[in-house]
Amino acid sequence: MSAADLLTVPPSREPSRTSALTRVVIYGLLGFFAVIYILPLLVMVMTSLKPLDEVTGGNMFALPRAPSLDAWAKAWGTTCVGLTCEGIKGYFWNSIKMVVPAVLISTTLGALNGYVLTKWRFSGHRLIFGVMLFACFIPFQSVLIPMATILGKLGQWGNFFTDTIGWSLGLGNPTVNLVIVHTVYGLGFTTLFFRNYYEAFPTELVKAAQIDGAGFFQIFWRILLPNSTPIFVVTVIYQFTNIWNDFLFGATFAAGDQMPMTVALNNVVNTSTGIIEYNVNMAAAIIAAAPTLFVYVVAGRYFVRGLMAGAVKG
Amino acid sequence: MAFLEIEGLRKRFGATEILKGIDLSLDKGGFLVLVGPSGCGKSTLLNTIAGLESISSGDIRVDGETINDLHPSKRDIAMVFQSYALYPNMTVAQNIAFAMEMRGVPKPEREKAVADVAKTLQIEHLLARRPGQLSGGQRQRVAMGRALVRQPRVFLFDEPLSNLDAKLRVDMRIEIKRLHQSTGTTIVYVTHDQIEAMTLATRIAVLKDGELQQVGTPSEIYNTPANLFVADFMGSPSMNFIEAKVARANGTPSIVIERSSAPTIALAVPKSADRSRLVDGSKVILGIRPEAVTDTESADRNSANLSKFDSPVEIVEPAGSDTFVVTRLAGKIITARMRAETAVTPGQSFTFALNLDKAVLFDPVTTKRI
């Protein structure tokens with residue numbers, strides 16, 4: 001250490017009363033808000049574990065005296081959704097079948113858009129990007145009717161194919177419709193995410209790959225995508241949460257046994273058989289929320305890891 | 001016929017012209033260095049050779065074949081980028097083999113080629129690592145390995161050493177020179193560092209504002225610069241420029257430096273100057289390198305034209321191997337290069353020797369050499 005360094009070293013800080021007090025306040029507030037946030041979930045879990053008489057007769061915050069998973073089993077397998085009483089399991093799988101392709105397709109297309117908009121620029125690329133950004137600001141409600149018209153047309157094509165080749169190609173199927181709707185609606189966001197990420201991605205890598213003889217898609221698959229883990233995870237979390245939690249599109253474009261989990265949950269709660277089974281409703285609600293929680297917990301870890309890898313890459 | 005030929009090359013971005021008609025040629029096995037200040041178009045020129053940027057007009061030929069419109073991968077060139085541009089998701093071995101993989105070279109062949117190159121560059125122990133785990137110098141080697149493995153017709157280097165620290169830069173410079181000598185490849189190299197240009201090149205092209213200022217061997221560029229810009233840009237410390245006048249005594253022209261508070265200095269006309277172009281009484285700029293301004297003892301005894309003058313010393317800069325002495329002549333700062341042990345103190349009057357064999361004259365209006 002040189003003399004100059006010695007002169008500029010700050011005096012060691014002594015622990016003071018004020019900093020201790022500040023800490024108490026900070027942790028106190030954080031703890032308070034954590035409790036506020038966890039309380040609804042806690043009540044849901046406790047209620048779902050109680051038998052019905054304990055729910056109706058007791059205190060909401062009381063611990064279950066005889067905890068059981070009966071309400072969970074009923075919610076999953078036998079509770080009534082509208083007129084059918086086969087639980088929510090079918091609708092849970094409906095949602096999975098809708099959300100997985102919709103997330104993957106919209107994310108991949110968004111990545112491809114981002115790649116083209118940053119590394120294969122064409123005249124007017126700014127305008128195109130601006131228009132795509134516009135998609136992020138369009139309210140759900142305003143696209144319902146045009147979307148219904150288009151889906152109706154697709155359904156006609158589906159009928160045509162069924163008549164001619166015996167298979168509708170999936171056109172007109174409510175789940176396929178929802179995948180299409182969510183892909184289209186999510187494209188603006190996924191494009192925005194990937195474009196901004198690839199904007200900072202070194203163009204020299206793309207040039208090097210071009211000289212090395214890699215083509216458009218080879219560069220995308222071999223160079224761009226493997227180095228996009230952080231933004232990929234962010235986009236997947238965002239899209240998964242949005243699509244899984246969507247109610248409006250689900251309620252509008254899918255009916256009957258094809259409806260997604262969110263719509264089914266609404267119907268479980270609204271189906272009246274005399275008594276309101278709070279414990280079953282709570283269990284169903286937790287099941288409905290579980291996948292997004294799962295994605296946050298699992299992918300969030302990769303997200304942090306991806307950020308760290310980028311930081312030391314240099 | 002030269003191996004690499006560039007003829008009338010122009011590049012426009014909208015209304016602005018980046019390259020204004022470049023003519024260059026390089027023999028097989030030559031080492032061409034493009035040098036110039038930032039924004040002079042040297043990197044753009046390299047990118048047009050690589051095919052990463054299109055050209056507005058002109059011709060680029062390699063071995064007689066016009067490659068103007070060929071895709072970069074079809075030009076049989078390899079490029080080392082300033083940032084190395086190693087693929088972060090692949091190991092060193094995969095990085096080096098990527099181009100061959102894209103060309104469908106069978107795996108055993110690829111592995112053999114990678115092993116050979118790794119041996120040449122002494123990076124065998126790094127093959128399984130990823131670029132993120134390498135130091136700057138190691139990344140530099142891998143980047144060169146990736147270019148070498150393809151055995152291309154022309155190598156392009158885009159300021160490859162500018163991200164390294166000073167010591168490593170010198171090491172890698174020697175490494176590149178050794179590589180060039182042992183493999184005899186044709187290289188085009190872009191740098192803004194004039195020392196790299198001098199040490200590596202067989203030919204130097206100096207660019208400014210998209211125009212070629214001079215093309216020649218390092219010694220031509222250094223000793224007989226075509227204009228003031230080239231003279232000022234090449235060499236460190238840079239060349240001294242002194243305003244002077246042409247005078248004639250007994251029929252022989254001479255160069256006169258007028259000083260306000262000291263006797264006028266009359267000098268012989270440097271050998272490099274074209275005497276027929278010297279007009280009596282006209283102004284000229286005398287350019288002389290610091291190593292041609294010395295103390296009287298260490299002046300070159302073989303020189304035909306030594307001139308002495310006395311001037312007060314302003315600043316003394318000991319640099320270890322040499323001592324630079326700064327004085328003032330006709331209002332201009334003059335740097336002299338002396339032996340390290342020369343005894344000089346600021347403020348003293350000192351006798352300087354000018355070796356006019358190494359001097360050049362410039363026209364102050366056109367800035368061209370006379």
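Quantities reported herein were computed from a predicted structural model and do not represent experimental measurements.

S.K.: Provide a residue-level description of the overall build of chain A, including the pertinent values.
M.R.: Regarding its fold elements, chain A presents 14 helices and 0 strands. Listing every helix and strand of chain A by position from the N terminus yields α-α-α-α-α-α-α-α-α-α-α-α-α-α. Against the 2.2 N^0.38 benchmark of 20 Å for 314 residues, chain A shows a C-alpha radius of gyration of 26 Å, more extended than a compact globule. Overall, chain A is about 85 × 70 × 30 Å in size when its C-alpha atoms are taken along their principal axes. Counting across all 314 residues of chain A, residues that qualify as buried make up 32%. Considering only contacts within chain A whose residues lie at least 6 apart along the sequence, 72% involve residues at least 24 apart.

S.K.: Give me the lowdown on the overall build of chain B, citing residues and values where you can.
M.R.: Across its full length, chain B carries 8 helices and 21 strands. Its C-alpha atoms put chain B at 80 × 45 × 35 Å along the principal axes. In chain B, which comprises 370 residues, the share counted as buried stands at 40%.

S.K.: An account of the pairing of strand β19 (residues 332–339) of chain B is requested, with residue identities and associated values reported.
M.R.: All names here are of chain B. Pairing of strand β18 (residues 322–329) with β19 involves 8 bridges; the strand directions are antiparallel. Bridge pairing in β19 places T327 opposite I334. Between β18 and β19, which pair antiparallel in sequence order, lie 2 residues; one of them, A330, sits at a positive phi of approximately 50 degrees.

S.K.: Explain the pairing of strand β7 (residues 154–158) of chain B to me, using residue names and the numbers behind them.
M.R.: In summary, the side chains of a regular strand alternate between the two faces of the sheet. All names here are of chain B. Taking burial as the measure, the 5 residues of β7 include 5 buried ones, the bulk of the element. Side chains V154, L156 and D158 of β7 all project onto a buried face; the interleaved residues F155 and F157 project onto the opposite face, where all are buried too. In the sheet, strand β6 (residues 77–80) pairs with β7 via 4 bridges, with the strands oriented parallel. Note on β7: the bridge partner recorded for M79 is L156. Of the pairings in the sheet, the one linking β7 to strand β8 (residues 186–191) comprises 5 bridges and is parallel in character. When the bridges of β8 are listed, D158 appears paired with V190.

S.K.: Hey, could you go over the confidence of the model for chain A for me, with residue numbers and the actual values?
M.R.: Residues and elements named next belong to chain A. Per-residue confidence for chain A gives a mean pLDDT of 85, with 90% of residues at or over 70. Low pLDDT, under 50, characterises residues 1–7; the predicted model gives this stretch 1 contact beyond four residues in sequence or across chains. Predicted confidence for residues 310–314 stays below pLDDT 50, and this span has 5 contacts to residues more than four positions away or in other chains.

S.K.: So what's going on with the sheet that holds β18(B)? Which residues, and what values?
M.R.: Residues and elements named next belong to chain B. Across the sheet, 3 strands lie side by side as β17-β18-β19; this open sheet has antiparallel pairing. Looking at strand neighbours, the two that pair on one side only are β17 (315–318) and β19, the edges of this open sheet. When strand polarity is set aside, the average angle formed by the axes of neighbouring strands in this sheet is 25 degrees.

S.K.: So, the sheet that holds strand β3 (residues 31–35) of chain B: which residues are in play, and what are the values?
M.R.: Strand-to-strand pairing in sheets goes through backbone hydrogen bonds, with the strands running parallel or antiparallel. Residues and elements named next belong to chain B. Pairing within the open sheet is mixed, and its 6 strands lie in the order β6-β7-β8-β3-β9-β10. Looking at the sheet topology across the chains shown, the edges are occupied by β6 and β10 (211–216). Neighbouring strand axes in the sheet, compared pairwise and without regard to direction, differ in orientation by 15 degrees on average. Where β3 lies against β8, 5 bridges are found, and the strand directions are parallel. In the strand pairing of β8, L32 is matched with V188.

S.K.: Hey, could you go over the nonpolar core for me, with residue numbers and the actual values?
M.R.: If you look at the biggest cluster of nonpolar residues, it comprises 128 residues, and the most contacted ones within it are L32(B), V33(B), L34(B), M79(B) and L156(B). Looking at this core, the element that brings in the most residues is helix α2 (residues 92–102) of chain B, giving 7 residues. Those residues in contact with L156(B), other than ones at most four positions away along the chain, are L46(B), I49(B), A50(B), I77(B), M79(B) and V188(B). Counting residues in hydrophobic clusters, the runner-up holds 36 residues, among them A102(A), M261(A), L265(A) and A288(A).

S.K.: Describe in detail the interface of chain B and chain A, supporting the description with residues and values.
M.R.: At the interface, 18 residues of chain B touch 17 residues of chain A. Of all elements in the fold, only β6 and α2 of chain B reach the threshold of two or more residues within the side of chain B that touches chain A.

S.K.: Give me the lowdown on the packing of helix α3 (residues 107–121) of chain B against helix α4 (residues 136–148) of chain B, citing residues and values where you can.
M.R.: Residues and elements named next belong to chain B. Between α3 and α4, the shortest axis-to-axis distance is 10 Å and the interhelical angle comes to 135 degrees. Looking at the two axes, α3 sits oblique to α4. Note on packing geometry: the crossing formed by α3 with α4 is right-handed. The segment α3 lies against α4, with V117, A118, T120 and L121 engaging R141, M144, G145 and L148. Residues that form the contact of α3 with α4 fall into these classes: 5 nonpolar, 2 polar and 1 charged.

S.K.: Which residues make up unusual backbone geometry, and what values do they have?
M.R.: Note: most peptide bonds trans; most residues except glycine with negative phi. Residue and element names in this part refer to chain B. The step from S236 to P237 runs through a cis peptide bond, and the omega angle for that step is -5 degrees. Its place among the elements puts P237 in the loop between α8 (228–233) and β11 (240–249). Of note, the phi angle at Q151 is positive, near 45 degrees, even though the residue is not glycine. Here Q151 shows up in the loop between α4 and β7. Judged by local crowding, Q151 falls into the partly exposed class, with 13 C-beta atoms found within 10 Å.

S.K.: Before we move on, could you go through the environment of V233(A) and cite the residues and values that matter?
M.R.: Residues and elements named next belong to chain A. One can find V233 in helix α11 (residues 229–245). Exposure remark for V233: the 22 C-beta atoms within 10 Å place this residue in the buried category. For the pair formed by V233 and V103, sequence separation is 130 residues and the distance between their alpha carbons is 11 Å.

Conventions adopted
- Residues numbered from 1 in each chain as written.
- Chains lettered and ligands numbered in written order.
- Predicted model: local features only at pLDDT ≥ 70, side-chain atom pairs only at ≥ 80, totals over all residues.
- Helix = DSSP H or I, 4+ residues; strand = E, 2+ residues; numbered from the N terminus.
- Rg over C-alpha atoms; globule rule 2.2 N^0.38 Å.
- Buried ≥ 20, exposed ≤ 12 C-beta atoms within 10 Å, placed from the backbone.
- Contact = placed C-beta atoms within 7 Å.
- Pairing = 2+ DSSP bridges.
- pLDDT = per-residue confidence, 0-100.
- Axes fitted to C-alpha atoms, helices over the stretch in contact; angles between N-to-C directions.
- Core = buried A, V, L, I, M, F, W, Y, C linked by C-beta atoms within 7 Å.
- Parallel < 35°, antiparallel > 145°, perpendicular 65-115°, else oblique.
- Left-handed = near helix turned anticlockwise from the far one by under 90°.
- Nonpolar A, V, L, I, M, F, W, Y, C, P; charged D, E, K, R; others polar.

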